[in-house]
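Understanding the architecture of this molecule
Each chain is listed here by its residues.
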Amino acid sequence: MDQSIGFLESELDRAVAKFGHVASGENVVPIDALRSQATLRERERRFRELLDALPAAVYTTDAAGRITYYNEAAVTFWGHRPALGTSEWCGSWKLFWPDGTPLPHDQCPMAIALREDRGVRGMEAAAERPDGTRVPFIPYPTPIHDEAGNLVGAVNMLVDITDRKRAEEQQTLLIRELHHRVKNTLAMVLAITGSTARAVDNIEDFKTALFGRIQSLAKTHLLLADDERAVKFDDILRSELDAFDDGSNKRIMLSGPDVALTSQLAVSLGMAIHELTANAAKFGALSVYGGKVEVTWSVTIDAARRTLTFDWVESGGPAVVQPARQGFGSRLMAFVLPGQIQARTGVDYAADGLCVHCSLPLPAHATLRADL
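The text that follows walks through the structure, step by step, so that each part is easy to find. (Residues numbered from 1 in each chain as written. Predicted model: local features only at pLDDT ≥ 70, side-chain atom pairs only at ≥ 80, totals over all residues. Heavy atoms only, no water.)

Time to look at a nonpolar patch on the surface. Together, F47, L50 and L54 give the surface a local cluster of nonpolar side chains, amounting to about 260 Å² of exposed area. When you line up the elements, L54 lands in the loop between α2 (31-53) and β1 (57-62). Its relative accessible area of 32% is what places L54 among the partly exposed residues. (Patch = residues over 30% accessible without salt bridge, like charges linked within 9 Å, V, L, I, M, F, W, Y side chains within 5 Å. Areas by Shrake-Rupley, 256 points an atom, 1.4 Å probe, with all protein chains shown as cover. Salt bridge = Lys/Arg side-chain N within 4 Å of Asp/Glu carboxyl O. Helix = DSSP H or I, 4+ residues; strand = E, 2+ residues; numbered from the N terminus. Buried < 20%, exposed > 50% of the residue type's maximum accessible area, 1.4 Å probe, protein only.)

Shown next, in the form of C-alpha cells:
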C-alpha cells in the first residue's frame, strides 16, 4: 500500500475512475470529468475538515485492519501518531479490558467488526498511552462496504468516558460514605439519648437537652452537606455562638486562622462546642448580661503532623462552681474526644469563668472535600 494515500483517497480514486471517463484520445479529458474530479476533491477536503473538527477520536482501516486515516482527536486520545498502512486495528499503544486484563489488538472491537463484518456496540475498554496513562473508552466500530457489498474497511469512533467513570466512582464513594455516616449518626443519637437520660432529673430537662444536642448534630451535618469544601472550625463556632452575639464584638470574640476539618473531626468538635455553648447559656457567661465568651485557636506544624489548639475562655458570668457530678459535656471532653479524635483536653473551673484548653492532631494536608 502506498502510505501517502489513505482510505479516503482510495475511495475518491474509485469514484473518479467510475464517473470520469475519457472521451477520445489519451491526452484529452472532458471538461465534465475535470469538474467531477474537482468537486470530489473539494468534498474530500471538507469531509476531512469535518472529521478533524470532531472532539471524538475517529479513524478508519482497510479490510485487513490496517489504519488508513485518523483525525487529530485520535492523536490526542492515543498519545502518539501511528504509521498509516502498517499499524493494525487500533492506534493505541496498549489495550486493556475494563477489569485491567490485557486486550490483544487482534481481539479488540475493531478486529471483531472486520472479522465478523458487523458493527460492535456496548463494549468498553481502556487505552494506555506511551506515557503510561490510561483512558477508558467506548468504541463504535462499523464496517464499510463498496457498491457491490464487499467489505472494504471500517470506521471507528472512540468515546472517552473518563469523566463518566470518575463520576461513577465518586457516586459509589458517596453512597458508601452515606451508609457509614447514617450508621455513625444513629449510634451517636443512641449514645446521646442514654447519656442525657442519666444526667437529668425530669422529663422537661431531658427533652430540652436532647433536642438541643440532636439539633447541634444536625447543624454540623448540614455544614458538611451544603459545602463542597471541608468544614471550617470557625463555621462550627459561629453555628453555635452567633445566636448570642449582640453585634458589639464584645460578647462573642473569635480569633484564629482558617482551619479545614474532616467530617469526623467536625462532628466531634461540633458536639463539644455545642455542650460548651449550652453550659455557658445555662450556667456560665452567656446566662447573664455582660458575660462574654472568647475563643482563640492556632495551628502548629512540625515534621510529623499539624496540631489544632484552641482555648474557650468565659468571663463576666456568675461565679463558677465545679459540678458535683460528671455530666454529658464533661464525659464528652474527658472520654469521647480523646477516643474519637485523639484530643487532649483540660478544664479549669476558675471562679471568674470556665476555661477549656483542647489540642488535637489534624491531617498532614487540609482536604478540599469532607471524607469519612
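Within helix α9 (residues 328-341), the axis deviates most sharply at F335, by approximately 35°, and proline P338 lies no more than four positions further along. All buried positions along α9 are accounted for by F328, G329, L332, M333, L337 and I341. Positive backbone phi, approximately 55°, marks Q342, located one or two places after α9. (Bend = angle between axes of the 7 residues up to and from the residue.)

The next thing to look at is the side chain of E314. Tracing the sequence through the fold places E314 in strand β12 (residues 306-315). For E314, which is buried and forms no salt bridge, the nearest opposite charge comes from R251, at a distance of 9.7 Å. A distance of 2.9 Å separates the side chain of E314 from the side chain of W312, its partner in a polar contact. Excluding anything up to four places from it in sequence, E314 contacts L276, A280, G284, A285, K292, V293, D352, G353 and L354. (Lys, Arg positive; Asp, Glu negative; His and termini not counted. Polar contact = N/O pair within 3.5 Å; in protein donor to acceptor, adjacent residues only side chain to side chain. Contact = heavy atoms within 4.5 Å.)

Across all of its chains, the model carries five aromatic pairs by this definition. Taking the centre distance of 5.4 Å and the plane angle of 85° together, the rings of F77 and F137 count as edge-to-face. Of this pair, F77 sits in helix α3 (residues 72-78) while F137 sits in strand β5 (residues 134-139); the two residues are 60 residues apart in sequence, bridging distant segments of the chain. For F137, a relative accessible area of 2% translates into the label buried. Ring centres of F233 and F310 lie 5.3 Å apart, and the angle between their planes is 45°; this geometry places the pair in the tilted category. Of the two residues, F233 sits in helix α7 (residues 233-241) while F310 sits in strand β12, which places them 77 residues apart along the sequence. No difference in accessibility class separates F233 from F310, as the two residues are buried. Chaining the aromatic ring pairs together yields one cluster made of Y59, Y70 and W78. When the ring centre of F96 is taken as reference, the NZ or CZ atom of R134 above it lies at 3.5 Å. (Phe/Tyr/Trp six-rings, centres within 6.5 Å; stacked < 30°, edge-to-face > 60°. Lys NZ or Arg CZ within 6 Å of the ring centre and 35° of its normal.)

Moving on: the environment of P109. Along the chain, P109 turns up in helix α4 (residues 109-116). The spatial distance from the C-alpha of P109 to the C-alpha of T142 is 9.6 Å, given a sequence separation of 33 residues. Discounting residues that sit within four places of it in the chain, P109 has contacts with L103, V120, M123, P139 and P141.

Right, let's get into unusual backbone geometry. You will see that W89, though not glycine, has its phi angle at about 70°, which is positive. Inspection of the secondary structure puts W89 in the loop between α3 and β3 (94-96). Despite not being glycine, D117 shows a phi value in the positive range, around 50°. Note on placement: D117 falls in the loop between α4 and β4 (125-128).

All right, on to the pattern of salt bridges then. All told, the structure shown has eleven salt bridges when counted by the stated rule. One salt bridge connects E116 with R118, and the closest N-O pair in it is separated by 2.5 Å. What makes E116 partly exposed here is its relative accessible area of 44%. Given the relative accessible area of 39%, R118 is considered partly exposed. The residue E124 makes a salt bridge to R164 at a minimum N-O spacing of 2.7 Å.

This paragraph deals with the packing of helix α8 (residues 263-282) against α9. Remark: α8 packs on α9, axes separated minimally by 10 Å, with the N-to-C direction vectors making an angle of 165°. With respect to α9, the axis of α8 lies roughly antiparallel. Remark: the crossing between α8 and α9 carries left-handed chirality. For the pair α8 and α9, contact is made by Q264, L265, S268, L269, M271, A272, E275 and L276 and by F328, G329, L332, M333, L337, Q340 and I341, respectively. The residue makeup of the contact of α8 with α9, split by class, is ten nonpolar, four polar and one charged. (Axes fitted to C-alpha atoms, helices over the stretch in contact; angles between N-to-C directions. Parallel < 35°, antiparallel > 145°, perpendicular 65-115°, else oblique. Left-handed = near helix turned anticlockwise from the far one by under 90°. Nonpolar A, V, L, I, M, F, W, Y, C, P; charged D, E, K, R; others polar.)

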